Amino acid sequence: MAENTRGSWGSKIGLILAMAGNAVGLGNFWRFPYQAASNGGGAFMLPYFAALIILGLPLMLSEWNLGRYGGKYGHGTLGPMVYLQAREGAKPKTALILGAIAGGLAFAVTLLVNSYYNHLIGWTLGFAVSSFTGAYMDQSQSTADFFVGYIQDPKMVFTFWIIALVGLSFAVMRGVEKGIEAWAKLMMPVLYVFGIVLAIRSLTIGSPVNPEWSSLKGLNFIWNPDFSTLTWRSALAAAGQIFFTLSIGMGIICNYASYLKPDDDVVVSSIATISLNEFAEIVLGGSIVIPIAYAFLGPDGIGAGVGLSFIALPNVFRTMAGGQFFGGLWFLLLFFAGFTSAIAMYNYLTALVEEDLGIPRKTAAWIIFVAYIIVGLPVGLEQIINKTADLAYFTEIDNWVGSYLLLVLGLIEIIVVAYLMGEKSLEEINKGGIWQMPKWFYTVFMRVLTPAALVIVLVFSTLDYIKAGYFKFVPDFVAGTPVLIPWVNAARLVILVVVAAGAMQSYKSIKNKYGKEIEENVVSIRV
């Protein structure tokens, strides 16, 4: 076995903060509040915590395990990592196919999710500037009109998008310790400070609209479950939120874990990552957005999707005392959260180019910069060309790559780790650990509950997608707007091309390094 000579984390705290930065993103402060609000409030939290335990923790442990194990062989991308563990219980040719599929899905996620995620980061930076300068404070223009005007203005959209991309490029090209870790040590403490300040402010305001809409009643809405609102839809939304918020099913946790030393603790690191993420999401995210939105907008105003952060809250900030300042803090908080997550996706692709093509990291980072420009242009151009705010291309990419394919990749990972790697994965996870995963947890959760839950969620998600018309040639959500149909079909074509290209790249990468054993096609037995 070739020992890992790649970069590594400089410190334990740097690793944990970088991993937390990877997980703590826009999903914590933007997506979680409106998902919770639109899926029953407190009733959403029951399947949310169930999904955290049944799906989140086992998959987080699996991905740390895949990453550290693959890193020992010099791999930082998911395809070869899946191959290495799958070949322990399957013939190399079968492991090759699984590795190629997993690699293709991870390539699509890291390239295409970031194609729109980087734009969202640009929006948050642009809105932070707009808040501090008072640009959206003019009461004569609605915040909805300001948002539409913003996303249709090429100068605003592309200026802040490029600034975000350049920042990501410089962070990644400096490497793991001097780049990613250094940014995490700076941004994550600041993010938590901003979050605490905003949470305190949101919990100390009354409602100027309705005395019944106090901020504390907003907390009651999220923590007092109404079981009559509990549905399969809320359960599916909770499972999707866990994947999105923890960044599992993407390959990027595996990439960060590949820079671990052979005996670095996997169990404690996984639990620390989840704990920091959940503190940011439930304690801070739930205490900032939901109380403040409830106080000003009432129970119907906090389930407004994208509009919650970019339309509803700016409307609140321009009517509350100190709103210009607190609005700026809010959007800087979103920018920092998004930036630390986008670094992980950017680094995954940079590692792929660096390791498979032998290109120096700085050059690889600029190649990925150009790739993100290419795949990100349709996201920015759609609303500018169409003069709408429907974001059909964005929505279709997110429907499939940012939601559905994560579940598929998670299922492949847990099958490989729990069934093909088998008992050896338990030994690998516990290696060097202060805490040890109990065998009963491995058996009950990783071999039974987690894969079963993933299959159930995938089945019901598929049925939900069929019902919503996503499998139709012309999806229902654009059926009444012909101008948007080409954008949806373009998104589908891009997804197919990117998944296929990623699968072929992973197939070639694995075969180049492990060609001899693949040709012999004999089940590998290793100690």
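Residue indices begin from 1 for each chain and proceed along its sequence in written order. Predicted model: local features are reported for residues with pLDDT of at least 70 only, side-chain atom pairs are reported and counted for 80 or more only, and whole-chain, interface and lining totals are derived from all residues. To obtain the side-chain values, all non-hydrogen atoms of the structure were used and water was disregarded.

Moving on, we get to the overall build of the protein. Helix and strand labels come from DSSP, where a helix needs a run of H or I of at least four residues and a strand needs a run of E of at least two; each type is numbered from the N terminus. Scanning the protein from N- to C-terminus turns up 19 helices and zero strands. We compute the radius of gyration over the C-alpha atoms and compare it with the globule rule, which gives 2.2 Å times the number of residues raised to the power 0.38. For the protein, the C-alpha radius of gyration of 22 Å lies close to 24 Å, the compact-globule estimate for 527 residues. Seen along its three principal axes, the alpha-carbon backbone of the protein occupies a region of about 75 × 45 × 45 Å. Taken across its 527 residues, the protein has 61% of its residues classed as buried. Of all intrachain contacts in the protein linking residues separated by at least 6 positions in sequence, the fraction that spans at least 24 positions is 84%. Throughout, the Shrake-Rupley method with a 1.4 Å probe supplies accessible areas, and for residues the shown protein chains are the sole cover considered. For the protein, the accessible surface area stands at approximately 18900 Å², while carbon and sulfur atoms represent 68% of it. Of the side chains in the protein, 32 bear a positive and 32 a negative charge, and the two mean positions are spaced by 5 Å. The cut-offs for exposure are 20% and 50% of the maximum accessible area for each residue type, with area from a 1.4 Å probe on protein chains only; residues under the lower value are buried, those over the upper are exposed, and the others partly exposed. Residue contacts follow a heavy-atom distance rule, with two residues in contact if any of their heavy atoms lie within 4.5 Å. For the purpose of counting charges, residues Lys and Arg are taken to be positive, whereas Asp and Glu are taken to be negative. His and the chain ends are not included. The atom standing in for a charge is NZ when the residue is Lys, CZ when it is Arg, CG when it is Asp and CD when it is Glu.

To qualify as a nonpolar core, a set must consist of buried Ala, Val, Leu, Ile, Met, Phe, Trp, Tyr and Cys residues joined through side-chain atoms within 4.5 Å. Counting 179 residues, the largest nonpolar core has Phe29, Trp64, Leu78, Trp330, Phe331, Tyr346 and Tyr372 as its most contacted members. Here this core gets 20 residues from one element, more than from any other, and that element is helix α14 (residues 323–357). Beyond its immediate sequence surroundings of up to four residues, Tyr346 is in contact with Asn114, Leu165, Leu168, Ser169, Val172, Ala365, Ile368, Phe369 and Tyr372. Formed by five residues, the second largest nonpolar core is a distinct cluster that contains Val478, Leu484, Ile485 and Val488.

With that settled, consider the layout of surface pockets. Space inside the largest pocket adds up to approximately 1000 Å³. Computed over the protein atoms alone on a 1 Å grid, cavities are sets of points where a 1.4 Å probe fits but cannot get out and pockets are open sets with protein on both sides within 12 Å along at least five of seven lines; a residue lines them when it has an atom within 4 Å of a point. Arg31, Gln35, Asp398, Asn399 and Tyr470 are, among the 33 residues lining the largest pocket, the residues nearest its centre. Looking at the lining of the largest pocket, the elements that each hand over two or more residues are α2 (26–38), α10 (232–246), α16 (392–420) and α18 (439–468). In the scheme used here, Gly and all other residues not listed as nonpolar or charged are polar, with Ala, Val, Leu, Ile, Met, Phe, Trp, Tyr, Cys and Pro taken as nonpolar and Asp, Glu, Lys and Arg as charged. Grouping the constituent residues of the lining of the largest pocket by class yields 17 nonpolar, 11 polar and five charged. In this structure, the second largest pocket is lined by 20 residues; those nearest its centre are Leu352, Val353, Asp356, Leu357 and Gln505. Grid points are joined across faces, edges and corners, and a volume is the space filled by probe spheres set on the points.

Viewed as axis vectors pointing N to C, helix α5 (residues 92–133) and α14 meet at an angle of 155 degrees, and their least axial separation amounts to 8 Å. Between α5 and α14, the angle falls in the class roughly antiparallel. The interaxial crossing formed by α5 with α14 has left-handed handedness. For helices, the fitted axis covers only the stretch in contact; all axes are lines through C-alpha atoms, and the angles between them, taken along N-to-C directions, range from 0 to 180 degrees. Note on angle classes: values under 35 degrees are labelled roughly parallel, values over 145 roughly antiparallel, values of 65 to 115 roughly perpendicular, and the remainder oblique. By definition, turning the near helix anticlockwise from the far helix through less than a right angle yields a left-handed crossing, and turning it clockwise yields a right-handed one.

Before going further, it helps to spend a moment on the packing of aromatic side chains. To describe a pair of aromatic rings, you give the distance between the ring centres and the angle between the ring planes. Here the aromatic set is Phe, Tyr and Trp, taking the six-membered ring for Trp, and pairing holds for ring centres within 6.5 Å; pairs whose planes are under 30 degrees apart are stacked, those over 60 apart are edge-to-face, and all others are tilted. On inspection of all chains with the given rule, the structure shows 37 aromatic pairs. Taken together, a centroid distance of 6.4 Å and an interplanar angle of 55 degrees make the contact between Phe32 and Phe44 tilted. Here Phe32 is found in helix α2, whereas its partner Phe44 is found in helix α3 (residues 42–72), with 12 residues between them in sequence. For the residue pair Phe32 and Phe44, the accessibility class agrees, reading buried in each case.

Turning next to the packing of helix α4 (residues 78–86) against α5. Close contact between α4 and α5 brings their axes to 7 Å; oriented N to C, the two are set at 150 degrees. What the angle tells us is that α4 and α5 run roughly antiparallel. Crossing of α4 against α5: the hand is right-handed. Across the interface between the two elements, Leu78, Gly79, Val82, Tyr83 and Ala86 of α4 pack against Pro92, Ala95, Leu96, Leu98, Gly99, Ala102, Gly103 and Ala106 of α5. Tallied by class, residues from the contact of α4 with α5 come to 10 nonpolar, three polar and no charged.

Moving on, we come to empty space enclosed by the protein. In total, this model carries four cavities of 30 Å³ or more according to the counting rule given. By volume, the largest cavity is sized at about 100 Å³. Forming the walls of the largest cavity are 15 residues, and the residues nearest its centre are Tyr117, Phe244, Ser247, Met250 and Ser341. Going through the elements one at a time, α1 (12–23), α2, α5, α10 and α14 are the ones with two or more residues in the lining of the largest cavity.

Here the expected span of a helix is defined as 1.5 Å times the quantity of residues minus one. For α10, with 15 residues, the first-to-last C-alpha span of 21 Å sits near the 21 Å given by 1.5 Å per residue. Burial analysis of α10 places 11 of its 15 residues in the buried class, the great majority of the element. If you check which residues of α10 are buried, you get Ser234, Leu236, Ala237, Ala238, Ala239, Gln241, Ile242, Phe243, Phe244, Thr245 and Leu246. Within two residues after α10, Ser247 carries a phi angle of roughly 60 degrees, on the positive side.

The next point concerns unusual backbone geometry. Peptide bonds are mostly trans, and most non-glycine residues show a negative phi. One non-glycine residue, Ser247, lies in positive phi territory at about 60 degrees. Despite not being glycine, Leu391 shows a phi value in the positive range, around 55 degrees. As for its placement among the helices and strands, Leu391 is situated in the loop between α15 (361–386) and α16. For Leu391, a relative accessible area of 9% gives the class buried.

Accessibility expressed as a relative area gives 0% for Phe44, which makes it buried. Spatially, the C-alpha atoms of Phe44 and Ala237 are 8.3 Å apart, while their sequence positions differ by 193 residues. Dropping the residues within four chain positions of it, Phe44 is found in contact with Phe32, Gln35, Ala36, Asn39, Ser234, Ala237, Ala238 and Gln241.

For Lys424, the location among the structural elements is in helix α17 (residues 423–430). When its relative accessible area of 27% is taken as the criterion, Lys424 is described as partly exposed. Considered as a pair, Lys424 and Gln85 are 339 residues apart in the sequence and their alpha carbons are 9.3 Å apart.

Now for helix α6 (residues 143–151). Those residues of α6 not exposed but buried are Thr143, Phe146, Phe147, Tyr150 and Ile151. For α6, the buried positions fall inside an angular range of 120 degrees around the axis, keeping them on one side. Arc definition: directions from the helix axis to the C-beta atoms.

With respect to the element layout, Val157 can be found in helix α7 (residues 154–173). Taking the C-alpha atoms as reference, Val157 lies 7.6 Å from His119; in sequence the two are 38 residues apart. Excluding residues within four positions of it along the chain, Val157 makes contact with His119, Tyr150, Ile151 and Gly380.

Within the fold, Arg318 resides in the loop between α13 (306–317) and α14. Taking relative accessible area as the criterion, Arg318 reaches 12% and is therefore assigned buried. Polar contact criterion, stated in full: a pair of N or O atoms within 3.5 Å, where within protein one must be able to donate a hydrogen and the other to accept it, and residues adjacent in sequence count only if both atoms are side-chain atoms. Polar contacts involving the side chain of Arg318 include one to the main-chain carbonyl oxygen of Tyr136, which spans 3.0 Å.

Glancing now at the confidence of the model for the protein. Confidence in the prediction of the protein, expressed as mean pLDDT, is 85, and 93% of residues score 70 or more. Per-element averaging of pLDDT across the protein places helix α9 (residues 215–223) at the bottom with 73 and α4 at the top with 94. Note: pLDDT gives the predictor's confidence per residue, expressed from 0 to 100.

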